[in-house]
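Analysis of the macromolecular model
Letter by letter, the chains look like this.
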Amino acid sequence: MFHKENPEYNRRQVGFYTLDELVPKDHFLRKVEETIDFSFIYDLVEDSYSSDNGRPSLDPVLLVKIPLIQCFYGIRSMRQTIKDIEVNTAYRWFLGLSLNDKVPHFTTYGKNYSRRFQNKEVLAHIFSHVLHQVLEVGLIDPSEIFIDGTHIKAAANNHKYKTVVIDQKAKFMSEQLEIEINLDRRKHAKKLLKPAKKSEAKPKKQSTTDPDSGWFHKGEHKEVFAYNAQVACDKHGWALAYTVEAGNIHDSQAFSALFVKLEPFSPEFIIADSGYKTPSIAKFLLEKGITPVFPYTRPRGKKDFLRPKDFVYDEHFDCYLCPENKVLTYRTTTREGYREYKSNPKICKTCPLLAICTESRQHQKVVVRHIWKDALEVCEDIRHQSGMKERYQHRKETIERLFGTAKEYHNLRYTREKGKSKMEDKVGLTLACLNIKKLVKMMTGKTYNFTPISQYYWIIGELGKNIKKTNIKNDVCLHSEVVTFMSLLFYRLPIYNKNHSFAQKAKNTLRRKVCSKTQNRIYWLPFSSEWASLIYLE
């Protein structure tokens, strides 16, 4: 039957409701409030307030939750966030405001940040607190850590800059490299190099709007002032650490600051892209007992010319052999750490491959080899080992997905903040929000947690005949606290699998298989790909 509402009548109705009744029971912010205890913020900022003087302040937790709402829902500005809070009952509930309470002015957060929060690194502590909570419930597996950098466009006009002379940033492990260069020169009976002079300053563009940002150019078209955010995550996508540098700082130079934060996790593997594939990083990780997983990099050089791999290094005689089996002998070790091997011009002058070997007027081929090249060769051997290619391919499911989500849904593609300290807070808050979203989903949506797979044994093989038609795609482990065989026997384990028949069949089979081992723990593992697996812990 046709029906027509009277909007004006409905708008004037009066009812008796509590704010709690107006917020859906399954609302995301309800789950955040249940999962995260924000009371630790009071201890962080307590000494920034007077205990017996002045007007009552706004609740510090409220001032922290406002930017959390902005980040959760990808609201473009603080001004728009305040407008949304005024009309959104769920936001008001999360902040602890009644329908009659006045929402703070949009400048209130900025003033409190600069006066109370910035020096206390409150937003950085939020990231650490959430990460600690995730660690406590055993959701993180730090055996494999993925690292990468992404550039965030700064709030700076590309045409407003000045040219300044800035000292070059020291390269990673430069002091150790200088020592080993002199040892190598002494070994080859060469004079020791004098202590390196301070790196020459070079002119660079500096934004007059945001001097802390750096001029970043990628290719011929993309040139902007930006920041370089270095982020690390585990194989399940939990953000573990981050640093922020200017946009003109290379990934290999920013690695050291990030690794300091990662070292307490004691990773077994560090998976990184070609930006970190340098001799110094390779040597550093191998000396730490960490297995670096780097990608294949195409050889550099001119097209149709002989490639470096065409020249074979003889470790015993410390020389190179060219494709014509002629020797390139050692000449010197440069201050940059490269050994130079040169050919005999008299022999090269009549070589049939001269045209595709070198364009030198002296007809002399020069091949260079870094003194830590052996470490890179070990990394190449690791790359060819079984399972390493699959590990590297997980980058698109972990660190690259983390960046994609942050940029697409949480306003990390560009920033409205100015200054490195504010950018660090913005990146930390965004990563904290991503971890909170993941934690809320795991803790409230499913009563199970990740745990390191190395602690358990798969029993899929034991069930071979009964479940060999299954399609288990991901080696992702989740476990509840302690689920004994009796709870499995009485079907108290929830099944998070669309293939219900397989799950029920596997459960029944497992019950028959381990009926004599009731003292052991049985774990059920649901995970994001909507498939389920079972493991058996001895």
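Residues numbered from 1 in each chain as written. Predicted model: local features only at pLDDT ≥ 70, side-chain atom pairs only at ≥ 80, totals over all residues. Heavy atoms only, no water.

Our focus in this paragraph is the pairing of strand β6 (residues 239-246). Along β6, eight of the eight residues are buried, which leaves the element largely enclosed by surrounding structure. Direction of pairing for strand β5 (residues 222-234) relative to β6: antiparallel, over a ladder of seven bridges. Paired with N228 across the two strands is E245, which belongs to β6. (Buried < 20%, exposed > 50% of the residue type's maximum accessible area, 1.4 Å probe, protein only. Helix = DSSP H or I, 4+ residues; strand = E, 2+ residues; numbered from the N terminus. Pairing = 2+ DSSP bridges.)

This part is about the sheet that holds strand β9 (residues 312-314). The five strands are arranged β9-β10-β11-β12-β13 in an open sheet whose pairing can be described as antiparallel. The sheet is open, and its two borders are formed by β9 and β13 (366-370), each paired with just one other strand. For this sheet, the mean angle separating the axes of adjacent strands, direction not counted, is 35°. In this sheet, strand β12 (residues 338-342) lies alongside strand β11 (residues 327-333) in antiparallel orientation, the contact comprising four bridges. When the sheet's bridge partners are listed, T333 is paired in β12 with R339. (Axes fitted to C-alpha atoms, helices over the stretch in contact; angles between N-to-C directions.)

What follows covers the packing of helix α11 (residues 251-262) against helix α12 (residues 279-287). Here α11 crosses α12 at 25°, and the two axes come no closer than 10 Å. On the basis of the axis angle, α11 is roughly parallel to α12. Seen along the crossing, α11 lies across α12 with a hand that is left-handed. On α12, the residues touching S252, F255 and F259 of α11 are I281, F284 and L285. Here the residues of the contact of α11 with α12 are counted per class, giving five nonpolar, one polar and no charged. (Parallel < 35°, antiparallel > 145°, perpendicular 65-115°, else oblique. Left-handed = near helix turned anticlockwise from the far one by under 90°. Contact = heavy atoms within 4.5 Å. Nonpolar A, V, L, I, M, F, W, Y, C, P; charged D, E, K, R; others polar.)

Moving on to the confidence of the model for the protein. Here the protein shows a mean pLDDT of 81. Residues at 70 or above account for 82%. Long-range and interchain partners of residues 446-507, a stretch whose pLDDT sits below 50, account for 138 contacts in this model, where long-range means more than four residues apart. Under a pLDDT of 50 for its full length, residues 509-538 has, in the predicted model, 96 contacts with residues more than four places off or in other chains. (pLDDT = per-residue confidence, 0-100.)

In this section: the packing of aromatic side chains. Working definition: an aromatic ring pair is given by the centre-to-centre distance plus the angle between the planes. Using the criterion set out here, one finds 16 aromatic pairs in the structure. Where Y330 meets Y341, the ring centres are 5.9 Å apart and the plane angle is 70°; that geometry is what we call edge-to-face. Of this pair, Y330 sits in strand β11 while Y341 sits in strand β12, and the two are eleven residues apart along the sequence. What makes Y341 buried here is its relative accessible area of 0%. (Phe/Tyr/Trp six-rings, centres within 6.5 Å; stacked < 30°, edge-to-face > 60°.)

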